[in-house]
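Close look at the chain arrangement
Residue strings, one per chain:
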Amino acid sequence: MKKILNRTEDYVMEMLEGLCAAHPAYFKRSGAQGRVLVRPEAPIAGKVGIVTGGGSGHLPIFTGYLGPGLLDACAIGEVFASPGVEPMAEAIRAANSGAGVLRLYGNYGGDIMNFDMAGETVEFEDIRTTTVLVADDVASASLAEREKRRGVAGMVYCFKIAGAKAATMASLEEVTAVAQKAADNCHTVGVALTPCTVPTAGRPTFTIGETEMEIGMGIHGEPGVRRGPLRPADEITEEMLKLLLADVPLNSGDRVSVLVNSLGATPLEELYICYRYVARVLSALGVNIVAPLIGRYATSMEMTGMSLTFCKLDAELEALLLAPCDCPFLRV
Amino acid sequence: MTTMLTSNSIRWAIGSLKEKMDGAASELNELDGALGDGDLGVTLSQGFRHLQEDAPNLPDDVGMALLKCAQAFTRVTASTYGTLLATGMMAAAKATRGRNAVPWTEIPQLLSAALKAMSDRGKGQLGDKTVLDALDAVRMATEGLDEPAAQVKASIHAVDQTMADFRGHPFRRGRARIFGDKGLELDDPGMLALKRIIESLV
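What counts, and where the lines are drawn
Residues numbered from 1 in each chain as written. Chains lettered and ligands numbered in written order. Predicted model: local features only at pLDDT ≥ 70, side-chain atom pairs only at ≥ 80, totals over all residues. Helix = DSSP H or I, 4+ residues; strand = E, 2+ residues; numbered from the N terminus. Buried ≥ 20, exposed ≤ 12 C-beta atoms within 10 Å, placed from the backbone. Contact = placed C-beta atoms within 7 Å. Rg over C-alpha atoms; globule rule 2.2 N^0.38 Å. Domains from an automatic or database assignment. Nonpolar A, V, L, I, M, F, W, Y, C, P; charged D, E, K, R; others polar. Axes fitted to C-alpha atoms, helices over the stretch in contact; angles between N-to-C directions. Parallel < 35°, antiparallel > 145°, perpendicular 65-115°, else oblique. Left-handed = near helix turned anticlockwise from the far one by under 90°. Core = buried A, V, L, I, M, F, W, Y, C linked by C-beta atoms within 7 Å. Pairing = 2+ DSSP bridges. Expected span 1.5 Å × (residues − 1).

Moving on: the overall build of chain B. For chain B, the helix and strand inventory stands at nine helices and two strands. Order of helices (α) and strands (β) in chain B, N terminus to C terminus: β-α-α-α-α-α-β-α-α-α-α. Counting all 202 residues of chain B, 47% fall into the buried class. Considering only contacts in chain B between residues 6 or more positions apart, those separated by 24 or more positions represent 63%.

In structure tokens:
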């Protein structure tokens, strides 16, 4: 293992300390074990709170997206491990102004179990909560079994859109409904070239040949749909586009936002090479791309690879996507 | 013992569990180690240690006291059994919230609420050879009894009977199911844990 760290058991806590030291205007440490980050101004009177949570190792997901027009609080687990029930309940309390709290996170069994328990706990304190699960990874299950799909980079759109809706002082029901619509409209596919190493494990999460790639691999190294020789950028992008377009057919005049996301190690240069191909294909279809995002938004530590996300827009989603927001990793 | 379930009864049970569960931890770890990750005894000891810390401050409201107990187990991380126990206690907490005394005859109803919540959360069914089967047997055994000592006695018998009934049956849930035929004669560690818990309430 070749990583810049101190003791592996301090990895997450030291990362949180650094985040708060660098961005005190956005992140405040909270919770009995210090496993919750909160916007310093939360809870905001009258506003629906939005919380998320999940394992570390994916920055800026999850905790990076706290700020105006985005999320209010986040519970943080160890690398690739769900946070416990307590930090999740603490995050909900910290985000609650009395208007209710939306739990918005990726579709993973451990996170669901713990967030449900946290929701039951705060029910005793008369805090109203709702849940929207992001399940956008098209390679993890068929469209017919959408509820089994994992949540990946599409979470960024859901955070942005739900956060913008909550900033309008909409009700818990309204924020939940639009978050669900955003989640339903997000479709992602990834490709991995190299694995990553969880610090406490000390060895790579999977093995892959020097000249191989795997289409559809999940952000924790979950198996994808096809492994084969590494192809040129345009061919990889073409294969990913085919998978996405089979899931969400796009027609002339449709409006869509596109996220080309690095899984960690892949440089911006390569993301732009792929974006160029996506833009050509969508342009030929007569599809309009709105506010594309290219960069490191949802990572898997130092994994080499990228993901491609479509967020299909209607007028409501587009307005919310373009509304102002501010955090260290996303500004509109 | 009082004639109703109160916060005091819960406090008494926590004290009794402390005395008797420590010895059971290694036995449970061993059985669990043969089938799963071997952390069942540790989960329970940690959970009961948290319970001891909370016991002096349990509120009189039975529901809120049960919620505190559930939270003691949610503080034990990364254990399915701990999460399931907490889920069951929380369901019972919901059903008793706002009451300072609950008739013992309501125990089967509370177990029924707990079973439903645990089954929903863990996606387990009756017949899977898990703690759910033993709890269901306890639910039936306590039906119609209005006195805790009689309920405990009937419950121990019911769990024993369930464990015996399931010998020769495969595990259908959790990591244990990969053992196939080798698991037939082994007891479910979760059922044994429940038996030890109830025994400590004699």
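Take the overall build of chain A next. Across its full length, chain A holds eight helices and 15 strands. Against the globule reference of 20 Å for 332 residues, chain A gives a C-alpha radius of gyration of 19 Å, in line with a compact fold. Reported as C-alpha extents along the three principal axes, the dimensions of chain A are approximately 55 × 50 × 35 Å. Across the 332 residues of chain A, 53% fall into the buried class.

Our focus in this paragraph is the environment of Gly15(B). All names here are of chain B. For Gly15, the location among the structural elements is in helix H1 (residues 7–21). Judged by local crowding, Gly15 falls into the partly exposed class, with 13 C-beta atoms found within 10 Å. Spatially, the C-alpha atoms of Gly15 and Val42 are 18 Å apart, while their sequence positions differ by 27 residues.

Our focus in this paragraph is the domain arrangement of chain A. Residue and element names in this part refer to chain A. According to the domain assignment, chain A contains domain 1 (8–185) and domain 2 (186–319). If you average the C-alpha positions of domain 1 and of domain 2, the two centres end up 23 Å apart. Every contact between the two is made by 31 residues of domain 1 and, on the other side, 32 residues of domain 2. Elements that contribute at least two residues to the side of domain 1 that touches domain 2 include exactly helix H4 (155–167) and helix H5 (172–184). For the side of domain 1 that touches domain 2, the element with the highest residue contribution is H4, accounting for five residues. Grouping the amino acids of the side of domain 1 that touches domain 2 by side-chain chemistry returns 20 nonpolar, six polar and five charged.

This next bit is on the packing of helix H5 (residues 80–96) of chain B against helix H6 (residues 107–122) of chain B. Residue and element names in this part refer to chain B. Contact geometry of H5 with H6 gives a least axis separation of 8 Å together with a crossing angle of 135°. On the basis of their axis angle, the class for H5 and H6 is oblique. Our pair here, H5 against H6, has a crossing hand that is right-handed. Taking contact as the criterion, the partners of Thr80, Leu84, Thr87, Gly88, Ala91, Ala92 and Ala95 in H5 are, on H6, Leu110, Ala113, Ala114, Ala117, Met118, Arg121 and Gly122. Per-class residue counts for the contact of H5 with H6 are nine nonpolar, four polar and one charged.

Glancing now at the nonpolar core. All names here are of chain A. Membership of the largest hydrophobic core comes to 156 residues, with the highest contact counts inside it found for Ala73, Cys74, Cys158, Ile161, Ala162, Ala179 and Ala182. The dominant element in this core, judged by the number of residues it contributes, is H4, at ten residues. If you count residues domain by domain, this core takes at least three from each of domain 1 (8–185) and domain 2 (186–319). For Ile161, the contacting residues outside a window of four places in its chain are Val178, Ala179, Ala182, Leu317, Leu320 and Leu321.

Residue and element names in this part refer to chain A. Spatially, the six strands line up as an open sheet ordered E1-E2-E4-E3-E5-E6, and their pairing is mixed. One side of each edge strand has no neighbouring strand; the edge strands of this open sheet are strand E1 (28–30) and strand E6 (129–134). Taken over all neighbouring pairs, the strand axes of this sheet differ in orientation by 25° on average, direction set aside. Two strands pair when backbone bridges link them, and strand E5 (residues 101–106) and E6 are joined in this way by six bridges, in the parallel orientation. Following the sheet pairing, Leu104 is matched in E6 by Val132. H5 contacts E5 and E6 of the sheet and is inclined by roughly 10° relative to E6.

Next up on the list: unusual backbone geometry. The bulk of non-glycine residues show a negative phi, and the bulk of peptide bonds are trans. A cis geometry characterises the amide bond from Ala42(A) onward to Pro43(A), with omega recorded as 0°. Mapped onto the elements, Pro43(A) comes out in the loop between strand E2 (36–38) and strand E3 (49–56). That bond from Ile61(A) to Phe62(A) is cis: its omega, 0°, falls within 30 degrees of zero. Of note, Lys123(B) is a non-glycine position whose phi angle comes to about 55°, a positive value.

One turn of an α-helix holds 3.6 residues; hence residues three or four places apart share an orientation. For helix H3 (residues 109–123) of chain A, built from 15 residues, the straight-helix expectation of 21 Å at 1.5 Å per residue is met to within 8% by its first-to-last C-alpha distance of 21 Å. Along H3(A), the residues classified as buried are Asp111(A), Asn114(A), Phe115(A), Asp116(A), Met117(A), Ala118(A), Gly119(A), Glu120(A) and Thr121(A).

With eleven residues of chain B at the interface, the matching set in chain A holds nine residues. Taken together, the elements giving at least two residues each to the side of chain B that touches chain A come down to helix H4 (62–74) and H5 of chain B. By residue class, the composition of the side of chain B that touches chain A is four nonpolar, five polar and two charged.

Take the pairing of strand E4 (residues 73–79) of chain A next. Residues and elements named next belong to chain A. Most of E4 is tucked away: seven of the seven residues are buried. Bridging between E2 and E4 involves three bridges; their strand directions are antiparallel. Looking at the pairing, Val38 lines up with Ala73 of E4. Note that E3 and E4 share five bridges and pair parallel. Bridging from a neighbouring strand, Thr52 pairs with Cys74 of E4.

Running from N to C, H3(A) and H5(B) cross one another at 25°; their axes reach a closest spacing of 11 Å. Considering their axes alone, H3(A) and H5(B) lie roughly parallel with respect to each other. Along this stretch, H3(A) crosses H5(B), giving a crossing that reads as left-handed. Residues Met113(A), Met117(A) and Glu120(A) of H3(A) pack against Thr83(B), Ala86(B), Thr87(B) and Met90(B) of H5(B). Taken together, the residues of the contact of H3(A) with H5(B) break down into four nonpolar, two polar and one charged.

All names here are of chain B. In this structure, Ala95 sits in helix H5. Since 18 C-beta atoms lie within 10 Å of it, Ala95 is described here as partly exposed. Spatially, the C-alpha atom of Ala95 lies 7.1 Å from that of Gly63, the residues being 32 residues apart in sequence. Excluding residues within four positions of it along the chain, Ala95 makes contact with Leu110 and Ala113.

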